[in-house]
Amino acid sequence: MAAHQEKKPSEESKRKSTQNGTGTSQVQWGRAWEVDWFSLASILFLLTFAPLIVYYFIMSCDQYQCSLIDPLIDLLMGNKHLSDIWNKTPTLTYRAAGIYTLWVAFQVVLYLFVPDFCHKFLPGYVGGVQEGAVTPAGVVNKYEINGLQAWIITHVLWFANAYYFHWFSPTIIFDNWIPLLWCANVLGYAVSTFAMIKSYFFPTNAKDCKFTGNFFYNYMMGIEFNPRIGKWFDFKLFFNGRPGIVAWTLINLSYAAKQQELYGQVTNSMILVNVLQGIYVLDFFWNEAWYLKTIDICHDHFGWYLGWGDCVWLPYLYTLQGLYLVYHPVQLCTANAIGILMLGLIGYYVFRMTNHQKDLFRRTNGNCKIWGKKPEYIECSYMSVDGTKYYSKLMTSGFWGWARHFNYTGDLMGSLAYCLTCGFEHILPYFYIVYMTILLTHRCIRDEHRCFSKYGKDWKRYTAAVPYRLIPGIF
Ligand code: NDP
């Protein structure tokens, strides 16, 4: 896939940018160099509480039938002490450690040693060796895109086991859920710590490292931009996509299997969660090459936020609806089930089409049709750290003319649909929509801050042309 920027490294264009006064700010694009007190406080809060939040949610399901309030009431009324809850929590087991090690090792093998075959026979699928975007230091990394293949192989084996081989129970994930949580934490902390040490002693690309002088910020937000081991083991692509996202659909299948085991049937709400989240996951892998151009890969450095987040936060908190439905099997009436399905599918359509429009626009450098017409756009420029000037375009047509992040709006509609499958008895399944709203709103602001640093006055022209972020006329 061609990099979208048109590189014009002429001396004249470099001079022009410095003269108009935007040069200094424009070379600052990428994550922050300096840490303000609010960022530091947020980071310390997350480092301390994010692991506890995950534990609290999973423990509430295990010990309190997914009630988030009852553990607090028990503790406040003195009915229980923290030690009572902790003592009832399953510990790390050799079995879970074995399962987890095998799982991660299997995903490493699929990632590193099985070159993509899918792009050879699946029309329209972009796989195999692909290029990422230009990094702030002007590097263009190559990636082996084989996530779809890894997902298919893993799931074929899963179903082969469930229906034919019977090596292990399909409820294995649910049955070891808390012991596996400890394993995921070990990996999450190990990889984040390793990435930090690596960035000091043997960075993959020293020019793309950012040190803020604050240990906690560096640890959380990462120093290295694209840490790698060898030529192909890319930390971001591997940990973002697998093992967490490949596992997402398997975790849901395990929950469905548990419902079947406990109640002799799988409810329509569980099927909806499996189908809607399955579409989202499959979409991720079908578009893995496009993913190379998203913020995670293009702009975020690799630290605890991505390392621990992908190992623990994502598989444990993105799958809460399925977990909840094991404890509370909700059978939706047909009208509600259809309504939720429609909301989920429309959300997915908006999410996919918005992302597709930008991808098409950038790939063809604007020589395409959006909703049957030539797209309108704003020309903009920016500079990499070496002072080279690049040109880019910001589209103002299609969904990108409605709002500056309409892809997030679609994502939020889909997220709400997952939560609604669980009914209204408990708040736990609604964590996901609350979290996604905070995540994506924060991401909007973070991205816009970065884009402003990158494009300067051109970004201002763009926000004047498309004034809303998520909901036209409102926000
Ligand atoms: P976007 O795909 O919206 O990418 C933002 C970047 O696109 C900007 O930094 C800018 O980059 C470029 N851009 C912005 N406006 C325009 C425009 N008008 N025309 C052309 N290019 C533009 O954001 P993300 O990478 O955050 O998200 C990708 C998808 O992933 C989203 O659909 C989001 O919902 C989803 N997502 C899901 C998450 C989850 O946990 N489920 C988490 C995060 C994202 P440039 O510097 O190249 O100009």
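Quantities reported herein were computed from a predicted structural model and do not represent experimental measurements. (Residues numbered from 1 in each chain as written. Predicted model: local features only at pLDDT ≥ 70, side-chain atom pairs only at ≥ 80, totals over all residues. Heavy atoms only, no water.)

Inspection of the entire model under this criterion finds 54 aromatic pairs. Each ring, one from Trp177 and one from Tyr316, has its centre 3.9 Å from the other, and the planes form 20°; the classification is stacked. Placement of the pair is Trp177 in helix α10 (residues 177–201) and Tyr316 in helix α17 (residues 304–317), with a sequence separation of 139 residues. The two residues Trp177 and Tyr316 agree in class, both being buried. The aromatic ring of Trp290 is capped on one face by Arg352, whose charged end is 4.9 Å from the ring centroid. If you follow Lys454 out to its NZ or CZ, it ends over the ring of Tyr382, 4.2 Å from the centre. (Phe/Tyr/Trp six-rings, centres within 6.5 Å; stacked < 30°, edge-to-face > 60°. Helix = DSSP H or I, 4+ residues; strand = E, 2+ residues; numbered from the N terminus. Buried < 20%, exposed > 50% of the residue type's maximum accessible area, 1.4 Å probe, protein only. Lys NZ or Arg CZ within 6 Å of the ring centre and 35° of its normal.)

A few words on the site of the ligand. By nearness alone, 27 residues border the ligand, and Tyr408, Asp447, Arg450, Lys454 and Tyr455 come closest of all. In the model, an oxygen atom of the ligand is placed 2.8 Å from a nitrogen or oxygen of the Arg362 side chain. Within the backbone of Met395, an N or O atom sits 2.9 Å from a nitrogen atom of the ligand. Relative to its free-state accessible area of 930 Å², the ligand is covered by the protein chains to the extent of 93%. Elements that contribute at least two residues to the shell around the ligand include exactly α19 (334–363), β7 (389–395), α21 (406–420) and α22 (431–455). For the shell around the ligand, the per-class residue count stands at 14 nonpolar, five polar and eight charged. Each of domain 1 (90–331) and domain 2 (337–474) accounts for three or more of the residues forming the shell around the ligand. (Near = heavy atom within 4 Å. Polar contact = N/O pair within 3.5 Å; in protein donor to acceptor, adjacent residues only side chain to side chain. Areas by Shrake-Rupley, 256 points an atom, 1.4 Å probe, with all protein chains shown as cover. Nonpolar A, V, L, I, M, F, W, Y, C, P; charged D, E, K, R; others polar. Domains from an automatic or database assignment.)

What follows is about the state of the cysteines. Under the criterion given, the structure shown has one disulfide. Sulfur of Cys368: no disulfide; nearest cysteine sulfur belongs to Cys380 and is 15 Å away. Owing to a relative accessible area of 9%, Cys368 belongs among the buried residues under this scheme. Lacking any disulfide linkage, Cys422 is separated from the closest cysteine sulfur, that of Cys419, by 7.1 Å. Taking relative accessible area as the criterion, Cys422 reaches 2% and is therefore assigned buried. (Disulfide = S-S within 2.5 Å.)

The next thing to look at is the layout of surface pockets. Counted as a void, the second largest pocket has a volume near 670 Å³. As for the second largest pocket, its lining consists of 25 residues, and the residues nearest its centre are Ile99, Leu102, Trp103, Trp158 and Leu250. Contributions of two or more residues to the lining of the second largest pocket are made by α6 (94–113), α8 (147–165), α9 (172–175), α10, α13 (244–263) and α17. The element contributing the most residues to the lining of the second largest pocket is α6, with six residues. When grouped by side-chain class, the residues that make up the lining of the second largest pocket number 21 nonpolar, three polar and one charged. (1 Å grid on protein atoms, 1.4 Å probe; cavity = no way out; pocket = protein on both sides within 12 Å on 5 of 7 lines; lining within 4 Å. Points joined across faces, edges and corners; volume = space filled by probe spheres on them.)

Here the focus is the domain arrangement of the protein chain. Examined at the domain level, the protein chain breaks down into domain 1 (90–331) and domain 2 (337–474). One C-alpha centre belongs to domain 1, the other to domain 2; they are set 23 Å apart. Each side of the interface is counted separately: domain 1 has 32 residues, and domain 2 has 34 residues. Roughly 3,000 Å² of surface becomes buried between domain 1 and domain 2 when both sides are summed, with 64% attributable to carbon and sulfur atoms. Contact with domain 2 buries surface across domain 1, with Tyr280, Trp290 and Tyr324 losing the most and accounting together for 21% of the total. Between the two partners, domain 1 and domain 2, sit two salt bridges. For the pair domain 1 and domain 2, the number of links is eight residue pairs in polar contact (both at pLDDT 80 or more). Of all the secondary-structure elements, those providing two or more residues to the side of domain 1 that touches domain 2 are α14 (268–286), α16 (295–298), α17 and α18 (320–327). (Contact = heavy atoms within 4.5 Å. Buried area = accessible area lost by both parts, 1.4 Å probe. Salt bridge = Lys/Arg side-chain N within 4 Å of Asp/Glu carboxyl O.)

This next bit is on the pattern of salt bridges. Counting across every chain of the model gives 14 salt bridges. Between Asp234 and Arg228 there is a salt bridge whose closest N-O contact spans 3.0 Å. We classify Asp234 as buried; its relative accessible area is 0%. Taking relative accessible area as the criterion, Arg228 reaches 8% and is therefore assigned buried. Note that Glu288 and Arg242 form a salt bridge whose closest N and O atoms lie 3.2 Å from each other. Linking Glu288 in helix α15 (residues 288–291) with Arg242 in the loop between α12 (235–241) and α13, this pair joins segments that are 46 residues apart in sequence. Of the two residues, Glu288 and Arg242, neither departs from the other in class, the shared state being buried. Salt bridges here are not isolated pairs; linked through shared partners, they connect Asp175, Lys258 and Glu261.

The subject of this paragraph is empty space enclosed by the protein. Empty space left among the atoms is revealed by rolling a probe the size of a water molecule over them. Under the defined criterion, the tally for this structure stands at four cavities of 30 Å³ or more. Of the voids in this model, the largest cavity is the one considered here, and its volume is about 80 Å³. In this structure, the largest cavity is lined by Leu276, Ile279, Tyr280, Gly344, Gly347, Tyr348, Phe351, Gly410, Asp411, Gly414, Ser415 and Tyr418. Of all the secondary structure elements, the ones that give two or more residues to the lining of the largest cavity are α14, α19 and α21. Per-element tally for the lining of the largest cavity: the top contributor is α21, with five residues. Residue-level mapping places the lining of the largest cavity at the junction of two domains, with at least three residues from each of domain 1 (90–331) and domain 2 (337–474).

Residues spaced three or four apart along an α-helix point in a common direction, a consequence of the helix completing one turn every 3.6 residues. Taken together, the buried positions of α8 are occupied by Gly147, Leu148, Gln149, Ala150, Trp151, Thr154, His155, Trp158, Asn161 and Ala162. One or two residues past the end of α8 sits His166, with phi positive at roughly 55°.

Right, let's talk about the packing of α8 against α13 for a bit. For any two helices packed against each other, one specifies the inter-axial angle together with the distance between the axes. Where α8 contacts α13, the axes come no closer than 10 Å and their chain directions differ by 20°. Of the possible angle classes, the one that applies to α8 and α13 is roughly parallel. In this structure, α8 crosses over α13, and the sense of that crossing is right-handed. Mapping the contact onto sequence places Trp151, Thr154, His155, Trp158 and Phe159 in α8 and Val246, Thr249, Leu250, Leu253 and Ser254 in α13. Of the residues contributing to the contact of α8 with α13, the split by class is six nonpolar, four polar and no charged. (Axes fitted to C-alpha atoms, helices over the stretch in contact; angles between N-to-C directions. Parallel < 35°, antiparallel > 145°, perpendicular 65-115°, else oblique. Left-handed = near helix turned anticlockwise from the far one by under 90°.)

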